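# What the coordinates show
These are the residues of each chain, in order.
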Amino acid sequence: MNLILLGPPGAGKGTQAKRLVERFGLAHVSTGDILRAAIKSGSELGQKAKGYMDRGELVPDDLVVGIIRERIGQPDCAKGFVLDGFPRTVPQAEALDGMLSAASCRLDRVVALEVSDQAVLERNTKRRSCPTCGATYHLVNAPPKKAGVCDRDATPLVHRPDDQPEAILKRMEEYRQKTAPLKDFYRKVGLLREIDGSGAQDDVARALDRQLEG
Ligand code: AP5
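## Side note on helix α5 (residues 90-102)
- Over its 13 residues, α5 extends 19 Å from the first C-alpha to the last, a length consistent with the 18 Å expected when each residue adds 1.5 Å.
- For α5, the complete set of buried residues consists of Q92, A93, L96, M99 and L100. Down the axis of α5, the sector holding all buried residues measures 120 degrees, keeping them to one side. Residues of α5 that are exposed and point more than 90 degrees away from the buried face comprise S101 and A102.
- A positive phi of about 50 degrees marks S104, the residue just after α5.

## Quick look at the packing of α5 against helix α8 (residues 181-188)
- With their axes 9 Å apart at the nearest point, α5 and α8 run at an angle of 35 degrees to one another. Listed contacts from α8 to V90, A93, E94, L96 and D97 of α5 are L182, F185 and Y186.

## Describing the packing of helix α6 (residues 117-126) against helix α7 (residues 165-179)
- Interhelical geometry of α6 versus α7 gives an angle of 135 degrees and a closest axis separation of 10 Å. What the angle tells us is that α6 and α7 run oblique. The crossing of α6 and α7 is right-handed. Contacts between α6 and α7 involve D117, V120, L121, N124 and T125 on the former and, on the latter, I168, L169, R171, M172 and R176.
- Grouping the amino acids of the contact of α6 with α7 by side-chain chemistry returns 5 nonpolar, 2 polar and 3 charged.

Conventions adopted
- Residue positions are counted from 1 within each chain, in the order its sequence is given.
- Only residues with pLDDT of at least 70 are given local features in this predicted model, and only at 80 or more are side-chain atom pairs given and counted; all residues enter the totals for whole chains, interfaces and linings.
- Heavy atoms from the whole structure form the basis of all side-chain values; hydrogens and water molecules are not counted.
- Counting from the N terminus, the helices are the DSSP runs of H or I reaching at least four residues and the strands are the DSSP runs of E reaching at least two.
- Residue count minus one, scaled by 1.5 Å, sets the expected span of a helix.
- Categorising residues by exposure relies on relative accessible area from a 1.4 Å probe, with only protein chains included: less than 20% of the type maximum marks a residue as buried, more than 50% marks it as exposed, and the intermediate range marks it as partly exposed.
- Throughout, the arc means the angular range of directions from the helix axis out to the C-beta atoms.
- Helix axes use the C-alpha atoms of the stretch in contact, all axes being lines fitted to C-alpha atoms, and the angles between their N-to-C directions lie in the range 0 to 180 degrees.
- Every residue pair with non-hydrogen atoms within 4.5 Å of one another is taken to be in contact.
- Here roughly perpendicular refers to angles of 65 to 115 degrees, roughly parallel to angles under 35, roughly antiparallel to angles over 145, and oblique to all remaining angles.
- Each crossing gets its hand from how the near helix is turned against the far one by less than a right angle, where anticlockwise is left-handed and clockwise is right-handed.
- Under the convention adopted here, Pro, Cys and the residues Ala, Val, Leu, Ile, Met, Phe, Trp and Tyr are nonpolar, Asp, Glu, Lys and Arg are charged, and Gly plus all remaining residues are polar.

Right under this line is the structure:
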């Protein structure tokens, strides 16, 4: 099974992708996580991406397409993958089509998580992330057991630079202008399913499972 999760910033793509990985053994391919790891390592890719990400802008297509080309060719993706945060523009979606055709591979579903602007603001503002393992928490809905530190590795949690109000608003604008048109792109080829992402995590997971089984 090869899937795409679409949705505005903070819709819960990463949260649901991690559940799908546990449930179906899929490879989790998050361009946001790959770019944040590149920034942390100080690589050339990270240096190029950092300014865009901190401002809440999309990183240029050629950089991100290069990441995905390399990542989905890795052995763990052969058993199926969930793309979280890619594609985000029509040119990225077209590039993905080309990569999958060349590998005689296909997409099975594209699931869009629908949440209100108010929920997007609330979830991003209250998110805290572990810079070591990538775990995410929400100060109210999914808090860590001990305030301020990761449950898994006790690393102090951080507030992502792009989770500051100005960058959140920019990410929402980027989503509306460049990413939301992908819904039409995938609707036309019959792959799109839209679900309500505003409920509790378990309710969203059940709605997602129904779309994957149907
Ligand atoms: P990326 O990391 O992909 O950020 P995003 O799309 O803005 O998505 P998020 O990771 O913020 O949110 P999410 O939907 O995964 O939500 P989460 O599960 O964490 O990208 C960051 C940046 O990298 C971009 O701005 C861009 O610069 C660059 N980039 C990445 N990919 C790119 C690409 N393809 N092209 C160009 N540039 C690219 O949940 C959010 C919060 O809500 C958490 O606190 C969570 O606990 C909570 N939560 C989750 N589900 C629920 C629920 N059902 N109810 C209540 N709370 C919930």
